[in-house]
Amino acid sequence: MTPATDTSADMGTATPDAQDGTFAALRGQLRDAAERFAEAPGAAADILAGMVDDVDRALAEELEIFPVCHHSPASALAMARRLREKRPKVVYLELCEDMRPLLDELRNCRLPVALQAFASDVQGFDPEWAPLSVVAPITEASAEYQAIAYALETPGVELVAVDWSTDHVFQWEESDPAARRTAADPDAAAASRPGDEEDSEEDGESALHGDAVGIELGDLRPGFAELEEYLLHHGRVRHWSEWWDQYVEQPLSGAGYDAYRQAMLLVGSLFRRLRDTGDLRRSEERERFMWTRMRQHLAASELDAGDALYVCGALHAASRVEQFGARSDAPYEIAERTGTRWLHGLIPSSHSAIEAQFGLARGSVSIAAATWEKALKRSGVAPFRLAGQKGTSRKAPKAAPVSDAPAEDRLSGFLTTPPEPGVLDEQELLTWAVDIVRLARRNGYMASTADAIAVVETSVLLAGVRGRNRPTPYDFQDAAITCIEKDTVPGRRDVRRLCEILLGGDRVGQVGYAALPPLAQNVLDRLEPLGVDLTKRTVQRALLDLRSEPRLQACSDVLWILHRMLPDGIVRPIMGSRRLGERSVQESWDLSLGRDQRWLVELGYEGVTIEQVLEQRLRKIAWAPDATASAALGAVEDALVLLGNRRFVDELGARAVELLSAERTVDDAPDVLKRVRRLLAHYRASEPELPAWCKEFVTEGYAHYCTLLPTAFTEDETGVRQVAAMLGFLFGMESLALSLGCDHAQLEIAVAQSHPEAPAKVALLWAARVQLGVLSRSDLRERCDEMLGNPLVVPAFPHYLSGFVHALEPVPTFAPFVVEVMSKAFGSLPDHLLLPWLPRLVMTLREHAAELVPVLTREAGRTFPGSLPALDAWTPPWEAVRPREPDSRAGVPSAPSGPVAELLAAHPAACDAAAALFGLDPVWQAAPAGPASASSAASELLGRHPDAAGALAALLTR
Amino acid sequence: MTETDKAKSGKATSEKATSEKAQSGTQDMLRAPAEVKYAEELDYLESVDDGPKPFTWRLSPKMVRAFILGSERADGLDREIPQKWFGDRTFVERSIVTLASDRGLLLIGDPGTGKSWLAELLAAAVCRNSTLVVQGTAGTTEDHIKYSWNVSMVIAKGQSRESLIPSPIMTAMEGGVVGRFEELTRSTSDVQDALISILSEKYVSIPELDDDNIVFAKPGFSIIATANSRDRGVNDLSSALKRRFNFVRIPVVTNKKSEAEIVRFRTTELLRRHRIELEVPPTLLDILLQSFADLRTASAAATSDDERLESALSTAEQIGVLEDAILHSRFFGDDTLRATTLASSLVGSLARRSPEDLAILNKFWHGVVEGRSKKEGGEWQGFLEGGREAIATLS
């Protein structure tokens, strides 16, 4: 016999005594039972007898204790009945006391929603815990919602949350490190308990609570895994929710109040006694707190304890702490809260999120909700409901007349006889069977009416095998799987999932506008002009034509900021982009703010407007202890693009300069280069003068990278890419830096001091020296040819080549040479060297595709012939040029030719004046004689066939 | 003789045969069918069973469950019935219920997950006859499912009911008992399709005969088929046939505790069959289970079939390994099961392809077993040695 049926049966016979407050007969029976099982009076007998004492004690308490269990329709039903009968003047609720103000906002929401307490600024706790987040979900089919609705809707009734504040929850965690996480969240720890391991198909909805710690009213579950396993095994059920449903929920759903209360107290007491001590200590601490708070409130409000109702989990009802009872005067010191500032709000929740967080079987909360609706219809009890509550399309059933007579004792009756199968259930089963077949068909199953018949038959048979009078939803689910599921799942969902959907499905709550934090309200207000309903749970497409409707510009700004701050996919641009110097005239967006309300709500904890939050976040990035110059430049960019606040940008820029000068590594050099280039381009294009911080950044960077260059070249940890980026900065910003007072000699010295050993870096250094004019290209070419000719060096040649490829970034004019070297390498390297290296080259090029590939392909296109036949007659330009290269003085460029040079040579006055101004002595090189050789062929051709040119001239002059 | 009379006499003969078999005990049989082996248990259950029985079932569904899964206190029996099939309770319940309904039962799963054993137990408990089996192979023909003719008798007497040889399925129909079809997906589609009419119309017509040419199924007739999920795609079931079967998928047992129970249970049985008195030390059982668990993890993580052992690493495979080791120690050893023997049995049973399987085992031995032997010592060291030797011998 299972423990549950055991106790129920015994209780059934003991009820008359229970009414008198004496449980002598029951106690005796339990002791007998214990002796029979354990064959000696001992621990078991003590526990069983103690349970009766607990019930006795709780019932005798003057302040009425209402034991509940979470997601229990029976609790909710009993609560609704009791509240209508008793009409208490004050309701004490086992709920974090700091969450009480949130309850008033519930009427603006569609349930289930979760009350959230959130703290990002942590004081007095381990800073690693931040941000702290606690959620307490509330569903409609729960006793606490009944109590809340009654108290808030009835004038003159006070609702008091008496449990630990969220701060105390974490204080306990900190005081008890062993119990961390698990203590604050016994249910999360229970998630891995046997019987709950369902297949984990991840749904978006089940992650609605994020990584918050969950607390719940009325956690009632065996403290030991072993006990639970035992109960499940002998109860012939798969998981805890099913056990509860079958052995407690169903028998109690039609029970009278006294029966309900006594049974719940008994179960609570049993689990409490079989709990491990750590858990128990925590429970007792909370009970002390709650009773003290209640007594304080009673004293302050001068209410009679008889007018109050204390709603708590059944586990806490049978408490043995000395503070128990309205008349107790045991002192208890309530700990001060820490300095942590807690923020509170409502976030949407869902059945699947609750199940995932509290380790319940999948679909159990939905089944509870369905049972609640059914129980309401059958019992005719009118539930309490907050006025204006959303999502209450269904009409509440007519209220049954409530008699004022004391509750009749129906305990013995129903506990000894099984619940009668309602006519409705038969009908319901048929409807379900038909519906599941329809649903299965829609999901690709080959299901037919024959399957519907088989499902009904199998459900009834299964219920029979499992010793139930009528099929439970769980039996139905098994039957549907047996009859419909074949060897493969044709669609996305299997039959189990379809059953869950059928039995109520997942319900997702929504927080109403009025209950949203100011930031979220502000965002919704500002997005109003879009004309899109953002409360809908589907993805909304917003189209913005900024040219024809300039007023939408403000909306666009808001959307870009949200896009920056919210996780991916919530505010998603489909068309349009906003970057430095880029603005779209048309934008289209996919918005799912209705579905992902939680993120917006949590953003609301950080500030009052999104601009303020963004500013805070950027500031945080730039002033973080591990901030880097590149991150600060990123923040500058964001601030420029999204906020456009000049003062703030300058502040961030100054911080970037500060960070750069303090940096000792050059890991971020590529990022820094990319960003500062973009910023400079932006400022040059849009402003008359560079901002001060920008100038400072360039001069500081020039000096900084010059200093670090020799070390970066030699150090193994610094990659080629970083060094290339440093050189890129130095060469690219040189003109600006020199104009701002930097010294070119600094760079020359730095390069001269560099003595790299790695081949790639050596190649990079050579490129730098060529750029500086210290090394001539022909020398470099010779060097490379020598290397290719030397069999001992050839294996290392690919490394050099990598270096050259990287040199494209700092020295873009190096491209022809890189193409040349690469062609030679491909031409002459042996396959066993070339082939292993090729993938690496491809990877390098792919990684830096944006910077390197266009330069290289353009150059290659210019060098190589465009068609195959031309290839035969083609000689590489370097081979054609080579014998004629007249370069005698390294570093001195040959005299340029062309129309510009000709013009300048013809009118030298301006250049002479400029040279004089710089204190130089102008010397004019002789221009190469005659017209440029390149164009001579063209002029010859034109000379021979002048007709076309003449016709063109005539056309132009006409 | 009317139909019912015949059925009665058929039933009587089969029962008589069963009880005789039971009487002669399991002595003369290498492997007794479940209804013979557990005849006494079944008799007892039948005597105390007062629950409603569907059709001609010998036990009520609850008692069938108790027979297969073992009794619990809640069943209110005054003696303990041991568990015979280990696995999720739901599977058994769903299977029993399916047999009581209009549809056939198809047990599907990886090889070695206990499908056939469950089918045998179900048939034994429901109708005391688990021997009406058709084995599905590529060579199975429609005759094996319906009926064939005794040729010499046909020549002598012509076609009549006497010269007809009923198939096990037809016998089951006539007797209103459960017929079994092993490896349904191994047989070709036309053979499978012959089952459709049997399962829906519940009769077989014999067009060769002029009268008495239809064999109707008696109430209680049902079919338990098994199919190997690794064979999927060889001969896929038609949707018409699928519709007539309820599928119960039996997963590979991965829970270490229940796996240990299964291995222990089956090995004890095998030992009894071989009449061997030999103790299996719990530490060795642990090593075996642990190795299989490790190999399964490795197999799940492998990306190609070459990195995966050919074996399905099922529970049955473990039993095979243990049995092999025990027999080896009994006949060639000193009557004690040693870790080295176990290791060489394991290598010998799992190394089917050379060099792929050997390479995997070699890697496993060096990567995992060596680590465990260093960390845990004890029997693992012997296990390490034995495995190494066996791998060296084979490669």
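Coordinates for the structure precede this section.
Residues numbered from 1 in each chain as written. Chains lettered and ligands numbered in written order. Predicted model: local features only at pLDDT ≥ 70, side-chain atom pairs only at ≥ 80, totals over all residues. Heavy atoms only, no water.

**Student:** Explain the sheet that holds strand 5 (residues 158-163) of chain A residue by residue, including any values.
**Tutor:** Residue and element names in this part refer to chain A. Spatial ordering of the open sheet is given by 1-7-2-5, a layout of four strands whose pairing is parallel. Each end of this open sheet is capped by a strand with a single partner; those strands are strand 1 (64-68) and strand 5. Direction aside, the axes of adjacent strands within the sheet are offset by 30° on average. One ladder, built from five bridges, connects strand 1 with strand 7 (residues 308-313); its direction is parallel. Bridge pairing in strand 7 places Pro67 opposite Cys312. Docked against the sheet, helix 6 (residues 143-153) engages strand 1, strand 2 (90-96), strand 5 and strand 7, running at close to 135° with respect to strand 2. (Pairing = 2+ DSSP bridges. Helix = DSSP H or I, 4+ residues; strand = E, 2+ residues; numbered from the N terminus. Axes fitted to C-alpha atoms, helices over the stretch in contact; angles between N-to-C directions. Contact = heavy atoms within 4.5 Å.)

**Student:** Now, about the packing of helix 4 (residues 73-86) of chain A against helix 6 of chain A: what can you tell me, with residues and values included?
**Tutor:** Residues and elements named next belong to chain A. Here helix 4 crosses helix 6 at 25°, and the two axes come no closer than 7 Å. For the element pair helix 4 / helix 6, the angle class is roughly parallel. Between helix 4, through Ser75, Ala76, Met79, Ala80 and Leu83, and helix 6, the contact on the second element is made entirely by Ala143, Gln146, Ala147 and Tyr150. In terms of residue class, the contact of helix 4 with helix 6 is made up of seven nonpolar, two polar and no charged. (Parallel < 35°, antiparallel > 145°, perpendicular 65-115°, else oblique. Nonpolar A, V, L, I, M, F, W, Y, C, P; charged D, E, K, R; others polar.)

**Student:** Explain the sheet that holds strand 8 (residues 222-228) of chain B to me, using residue names and the numbers behind them.
**Tutor:** Residues and elements named next belong to chain B. The parallel open sheet is built from five strands, whose spatial order is 2-5-8-1-9. Each edge of the open sheet carries a strand with a single partner, namely strand 2 (133-135) and strand 9 (245-250). Geometrically, the sheet is characterised by an average inter-axis angle of 20° between neighbouring strands, direction not taken into account. Pairing of strand 1 (residues 104-109) with strand 9 involves six bridges; the strand directions are parallel. In the strand pairing of strand 9, Ile108 is matched with Arg249. Helix 5 (residues 89-100) rests against strand 1, strand 8 and strand 9 of the sheet, and its axis sits at about 165° to strand 9.

**Student:** Quick rundown of a negative patch on the surface? Include the residues and the values.
**Tutor:** Residues and elements named next belong to chain A. Taken together, Glu715, Asp716, Glu717 and Glu757 make up a surface patch of like negative charges. Locating Glu717 in the fold gives a position in the loop between helix 28 (692-714) and helix 29 (720-732). Residue Glu717 is classed as exposed on the basis of its relative accessible area of 66%. (Patch = residues over 30% accessible without salt bridge, like charges linked within 9 Å, V, L, I, M, F, W, Y side chains within 5 Å. Areas by Shrake-Rupley, 256 points an atom, 1.4 Å probe, with all protein chains shown as cover. Salt bridge = Lys/Arg side-chain N within 4 Å of Asp/Glu carboxyl O. Lys, Arg positive; Asp, Glu negative; His and termini not counted. Charge placed at Lys NZ, Arg CZ, Asp CG, Glu CD. Buried < 20%, exposed > 50% of the residue type's maximum accessible area, 1.4 Å probe, protein only.)

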